[in-house]
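# Chain and residue survey
What follows is the residue order along each chain.
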Amino acid sequence: MNRTIEQRNAEVNKTLELLDQMPRVEVNHLFRARLMQRIDGMETGKSSGAALFGGALSPKLAFMTLLMVLNIASALMLFMHETPQATGSSGTIAESLSEDYGGPALSYYDDQSAIGR
């Protein structure tokens with residue numbers, strides 16, 4: 001079990017040489033077209049009603065159902081909301097801004113000399 005580094009390197013080199021000598025496998029130019037035909041054939045075979053309710057749901061149908069549920073839920077939340085959103089008047093907005101930016105931490109940046117001009 002105790003092998004030296006030279007023996008391991010020799011085995012690795014031997015394996016790499018064998019891999020280099022193997023002929024390359026070329027893919028048929030119609031491979032993708034045939035694969036897509038087989039996938040389409042499998043989807044049409046599963047689209048019957050018995051397969052649909054038997055647990056073989058297609059991902060397209062599941063995604064469409066999820067989007068429909070989300071759209072209906074968002075529409076219900078929009079139309080069933082009991083209290084409308086209150087838009088604040090300009091006075092309340094200005095008051096909240098003056099509270100946020102009128103503290104002593106920002107008084108250094110307040111240029112009072114520019115107000116009197």
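Residues numbered from 1 in each chain as written. Predicted model: local features only at pLDDT ≥ 70, side-chain atom pairs only at ≥ 80, totals over all residues. Heavy atoms only, no water.

## Comments concerning the overall build of the protein
To keep things clear, this is the line we draw: To qualify as a helix, a DSSP run of H or I must reach at least 4 residues; to qualify as a strand, a run of E must reach at least 2; elements of each kind are numbered from the N terminus.
Across its full length, the protein holds 5 helices and 0 strands. Scanning the protein from its N terminus toward the C terminus, one meets helices and strands in the order α-α-α-α-α.

## Quick look at a nonpolar patch on the surface
As a reminder of what qualifies: Patches here are clusters of residues that have more than 30% relative accessible area and form no salt bridge, with a 9 Å joining cutoff for like charges and a 5 Å cutoff for nonpolar side chains (Val, Leu, Ile, Met, Phe, Trp, Tyr). What sets the accessible areas is the Shrake-Rupley method with a 1.4 Å probe; for residues, cover comes only from the shown protein chains. For this analysis, a salt bridge means a side-chain nitrogen from Lys or Arg found within 4 Å of a carboxyl oxygen belonging to Asp or Glu.
On the surface, a cluster of nonpolar side chains totalling about 840 Å² of accessible area is made up of Met64, Met68, Ile72, Leu76, Leu78, Phe79 and Met80. The residue leucine 76 is located in helix α4 (residues 59–79) in this model.

## So, the confidence of the model for the protein
Basically, it comes down to this: Confidence scores per residue from the predictor, reported as pLDDT, run from 0 to 100.
Here the protein averages 75 in pLDDT, and 57% of its residues register 70 or above. Within the protein, helix α3 (residues 49–53) has the poorest average pLDDT of any element, 52, and helix α1 (residues 5–21) the best, 92.

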